[in-house]
Amino acid sequence: MNYAVIAAGEGSRLTAEGVKTPKALLRVGGIPLIDRLLAVFSRQRAEAITIVCRDDADKLLQHLDALRCHGMGGAPLPLHVVRRCTSSSMHSLWAMRDEIGDAPCIVTTVDTLFRPDRFACYAHAFESAVANGGCDAMMGVTTLVDDERPLYVQTDHEDRILAFHDADHPARYVSAGIYGLTPSCWPVLERCVAEGMQRMRRFQQALVDSGLRLCAHDMGEAWDIDHAADILKAEKWLATEYGDDACGYEKAESEAHA
């Protein structure tokens, strides 16, 4: 399994609120957001991890260079960095397309926060579904609505995705910013870019409209960090989930392999 992180945003809302640290390097529970994701991916034995970031993101690029050179926790990281200024998350995904290759890939936004054990279950479910021909894409979803512009995910009783909705909708789930994609998704992405679409949610709906089979996987509570107040809320959640172990890696890892 390959993994990828979309980290090419400007974090303009955080900057406007006085947060100077680049979003990917924001510490939540004492750990930079990007490091938290990389640690989770490493525990899933990632074959390759691709990160797209702005070509002027000097601090983040320096941080990633250090990780490529020295690894994380003594273990090397199969890290590839794409430097590109993009107009949307969908275009950031397109910028990574060649680097990701043709293996199934799990893509996340850099500011999504979730329990590592729930992610391990998701990754296993996606891998199994792909091996059995059960889906073309598996989207991580949550029942927690804590976003200014949530993307509502309409599903059937088997959690097959029927549609994505911008406006408030009587759907069970909203998107958690986690996307499991197979090679069958790339022609749809190419068409979306060629037609001038600008948002990741439009690409997701295009996948449904193309007749591909999309499944939803409940990630439990999942948070994203768009505002300074989100940092405090996320840290409170971490403290509730893990107590003094703000990272939660050791506990989550033992639970995932129990």
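Heads up: these notes are all about the structure in this document. (Residues numbered from 1 in each chain as written. Predicted model: local features only at pLDDT ≥ 70, side-chain atom pairs only at ≥ 80, totals over all residues. Heavy atoms only, no water.)

### Some remarks on the overall build of the protein chain
Piece 1. Tallying secondary structure elements over the protein chain gives nine helices and 13 strands in all.
Piece 2. Computed over the C-alpha atoms, the radius of gyration of the protein chain is 17 Å, within 12% of the 18 Å expected from 2.2 N^0.38 for a compact globule of 258 residues.
Piece 3. Referenced to the eigenvectors of the C-alpha coordinate spread, the extents of the protein chain come out at roughly 45 × 40 × 35 Å.
Piece 4. Counting over 258 residues, the protein chain shows a buried share of 52%.
Piece 5. The long-range fraction of contacts in the protein chain, counting pairs at least 24 apart against all pairs at least 6 apart in sequence, stands at 75%.
Piece 6. Only carbon and sulfur atoms are counted for the fraction: they give 48% of the accessible area of the protein chain, which is about 11,700 Å².
Piece 7. Computed over 26 positive and 38 negative side-chain charges, the separation of the two mean positions in the protein chain equals 2 Å. (Helix = DSSP H or I, 4+ residues; strand = E, 2+ residues; numbered from the N terminus. Rg over C-alpha atoms; globule rule 2.2 N^0.38 Å. Buried < 20%, exposed > 50% of the residue type's maximum accessible area, 1.4 Å probe, protein only. Contact = heavy atoms within 4.5 Å. Areas by Shrake-Rupley, 256 points an atom, 1.4 Å probe, with all protein chains shown as cover. Lys, Arg positive; Asp, Glu negative; His and termini not counted. Charge placed at Lys NZ, Arg CZ, Asp CG, Glu CD.)

### With respect to the pairing of strand 11 (residues 173-181)
Piece 1. Burial of strand 11 is extensive: eight of the nine residues sit out of reach of the surface.
Piece 2. As judged from the four bridges shared by strand 6 (residues 105-109) and strand 11, these two strands associate in the antiparallel manner. Residue V107 lies in a different strand from strand 11, and its bridge partner there is Y179.
Piece 3. With six bridges connecting them, strand 8 (residues 137-142) and strand 11 associate as antiparallel partners. (Pairing = 2+ DSSP bridges.)

### Brief notes about the packing of helix 4 (residues 89-100) against helix 6 (residues 186-194)
Piece 1. Where helix 4 contacts helix 6, the axes come no closer than 10 Å and their chain directions differ by 135 degrees. Here helix 6 runs oblique to helix 4, going by the angle between their axes. Crossing of helix 4 against helix 6: the hand is left-handed. Contacts from M90, H91, L93, W94, R97 and I100 in helix 4 reach W186, L189, E190, C192 and V193 in helix 6. (Axes fitted to C-alpha atoms, helices over the stretch in contact; angles between N-to-C directions. Parallel < 35°, antiparallel > 145°, perpendicular 65-115°, else oblique. Left-handed = near helix turned anticlockwise from the far one by under 90°.)

### Considering the side chain of T155
Piece 1. Mapped onto the fold, T155 is located in strand 9 (residues 152-155).
Piece 2. With residues near it in sequence (within four places) discarded, T155 still touches R160, I161, L162, Y173 and A216.

### So, helix 4
Piece 1. For helix 4, which comprises 12 residues, the first-to-last C-alpha distance of 15 Å matches the rise-based estimate of 16 Å (1.5 Å per residue) to within 8%.
Piece 2. M90, H91, S92, L93, A95, M96, R97 and I100 are the residues of helix 4 that are buried.
Piece 3. G101, located one to two residues past helix 4, shows a positive phi value of around 80 degrees. (Expected span 1.5 Å × (residues − 1).)

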